Amino acid sequence: MTSKRNSIPLDRLNSGQSVRIHYLPEGDFRARFIRLGIHEGEQVRCLERLPGGTVVLQKNRQQIAIGHQLARQILVVAADDAAR
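For the structure given in this document, a descriptive report is provided here. (Residues numbered from 1 in each chain as written. Predicted model: local features only at pLDDT ≥ 70, side-chain atom pairs only at ≥ 80, totals over all residues. Heavy atoms only, no water.)

A few points about the overall build of the protein
Helix and strand counts for the protein stand at two helices and six strands. For 84 residues, the compact-globule estimate of 2.2 N^0.38 gives 12 Å, and the C-alpha radius of gyration of the protein, at 12 Å, lies within 12% of that figure. Based on the C-alpha atoms only, the size of the protein along its principal axes is roughly 30 × 25 × 25 Å. Restricting to contacts in the protein with at least 6 residues of sequence separation, those with at least 24 account for 55%. By element, 45% of the accessible surface of the protein is carried by carbon and sulfur atoms, the whole surface being about 5,200 Å². Charge separation in the protein, taken as the distance between the mean sites of 13 positive and 8 negative side-chain charges, equals 1 Å. (Helix = DSSP H or I, 4+ residues; strand = E, 2+ residues; numbered from the N terminus. Rg over C-alpha atoms; globule rule 2.2 N^0.38 Å. Contact = heavy atoms within 4.5 Å. Areas by Shrake-Rupley, 256 points an atom, 1.4 Å probe, with all protein chains shown as cover. Lys, Arg positive; Asp, Glu negative; His and termini not counted. Charge placed at Lys NZ, Arg CZ, Asp CG, Glu CD.)

Observations concerning the nonpolar core
Membership of the largest hydrophobic core comes to 17 residues, with the highest contact counts inside it found for Leu10, Ile21, Phe33, Ile66, Ile74 and Val76. Only β2 (18–23), β3 (43–49), β4 (55–59), β5 (62–66) and α2 (68–71) provide two or more residues apiece to this core. Once you skip the residues sitting within four places of it in the chain, Ile21 turns out to touch Ile38, His39, Glu40, Gly41, Glu42, Val44, Ile74, Leu75 and Val76. (Core = buried A, V, L, I, M, F, W, Y, C linked by side-chain atoms within 4.5 Å. Buried < 20%, exposed > 50% of the residue type's maximum accessible area, 1.4 Å probe, protein only.)

See the structure below:
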C-alpha cells in the first residue's frame, strides 16, 4: 500500500497526468465525491488546470472541476505508484 509520503496534493498535478485518489477529506465533500463515483483508489486524469487554481478531473467521460482550496486537501499518487 502507498504511504502518505508518496502522495501529493491534487492542486500540484500537471494537465494530462493520471493519478489514483489516495485520500479524500472527511465530511460532506467526501460524500459528494463518492456519489460521483470518485473514491480512494479510483483512477482519474487531470484534464486541465484553470487560472485561479481550479483543477478539472476526468473520470471516464465525466469532467469534474475542483476548486483550489479543496484540491489542496485531496491527496493523490501516480497511477504507477498505486500498484506497489
